[in-house]
Amino acid sequence: DTAVSQTPKYLVTQMGNDKSIKCEQNLGHDTMYWYKQDSKKFLKIMFSYNNKELIINETVPNRFSPKSPDKAHLNLHINSLELGDSAVYFCASSPRKLAGDSNYGYTFGSGTRLTVV
Amino acid sequence: KNQVEQSPQSLIILEGKNCTLQCNYTVSPFSNLRWYKQDTGRGPVSLTIMTFSENTKSNGRYTATLDADTKQSSLHITASQLSDSASYICVVSAMRGGATNKLIFGTGTLLAVQP
């Protein structure tokens, strides 16, 4: 199936731990993103990568670091997890950079629910 | 400040009925507006994308309208089905310098369709 897939779907971990969330897309898209959805269901962009180049970083703490081994993967590493990091993290991809072309679309993964205890 | 506000926050309707969701935005300069459907525990799925010059766009039983003058959009769902129960998110794209835009997400409207 062509899709954006994230693993794991659920992640429960203790404060202070380091964890990673993996994302893969087989759509041939050029750009991948990470979004954080908090308890108020508000989606906020964290990172986007195009051709292994960081395009957007919305003042995310440096404990979060995206890693893109290739065009089809964008993993999210989180160091020293804090309670406030608990949220659902969504990976997404699009055919090109966030340009003025309105005909491209985003494809989202199903999300990773991170719970920090 | 770029903002996207949606109303109502939640809505309950009976199966078969129609409903309309609202989105007001203060995003400038405007690039395009999207409506997404997000099922519980799933990622958002695109329903429509509209540019400044488009007033209405349909996708099956979903019809989105855009008034760029008043900066308002609506999503009308016709003959609702139980599977329409989801969060509906309005997303506005703001143009920035260069080739990158910024997406501003609304907080969504939670729709529950009851039999």
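So, a few notes on the structure that sits alongside this text. No experiment lies behind these values; they were computed from the predicted model shown.

**Some words on the packing of aromatic side chains**
Within this structure, the stated rule accounts for seven aromatic pairs over all chains. Judged by centre distance (5.4 Å) and plane angle (45 degrees), the ring pair of A:Y35 and A:F108 falls under tilted. Here the residue A:Y35 occupies a position in strand β4 (residues 31–37), and A:F108 occupies one in strand β10 (residues 107–108), the gap between them amounting to 73 residues. Taken individually, A:Y35 and A:F108 each receive the classification buried, so the pair is uniform in this respect. A relative accessible area of 0% means that A:Y35 is categorised as buried. The rings of A:Y33, A:Y35, A:F108, B:Y36 and B:F105 are connected pair by pair, giving a single aromatic cluster. Here the basic side chain of B:R61 rests over the ring of B:Y62, its NZ or CZ set 5.8 Å away from the ring centre.

**So, the sheet that holds strand β7 (residues 62–67) of chain B**
Residues and elements named next belong to chain B. With antiparallel pairing, five strands are arranged side by side in an open sheet as β1-β3-β8-β7-β6. Each edge of the open sheet is held by one strand with a lone partner, namely β1 (4–7) and β6 (56–59). Averaged over all adjacent pairs, the angle separating strand axes in this sheet is 15 degrees, with direction ignored. In the sheet, β1 pairs with strand β3 (residues 19–25) via four bridges, with the strands oriented antiparallel. Directly across from V4, in β3, lies its bridge partner Y25.

**Digging into the state of the cysteines**
Scanning all chains against the criterion turns up two disulfides over all chains. Between the sulfur atoms of A:C23 and its disulfide mate A:C91 the distance is 1.9 Å. A torsion of -75 degrees about the S-S bond marks the disulfide between A:C23 and A:C91 as left-handed. Here A:C23, found in strand β3 (residues 19–25), pairs with A:C91, found in strand β9 (residues 87–94); they are 68 residues apart in sequence, far enough to count as distant. For A:C23, a relative accessible area of 1% corresponds to the buried category. Note on cysteine connectivity: B:C23 is disulfide-linked to B:C90, with sulfurs 2.1 Å apart.

About the criteria used
Residues numbered from 1 in each chain as written. Chains lettered and ligands numbered in written order. Predicted model: local features only at pLDDT ≥ 70, side-chain atom pairs only at ≥ 80, totals over all residues. Heavy atoms only, no water. Phe/Tyr/Trp six-rings, centres within 6.5 Å; stacked < 30°, edge-to-face > 60°. Helix = DSSP H or I, 4+ residues; strand = E, 2+ residues; numbered from the N terminus. Buried < 20%, exposed > 50% of the residue type's maximum accessible area, 1.4 Å probe, protein only. Lys NZ or Arg CZ within 6 Å of the ring centre and 35° of its normal. Pairing = 2+ DSSP bridges. Axes fitted to C-alpha atoms, helices over the stretch in contact; angles between N-to-C directions. Disulfide = S-S within 2.5 Å.

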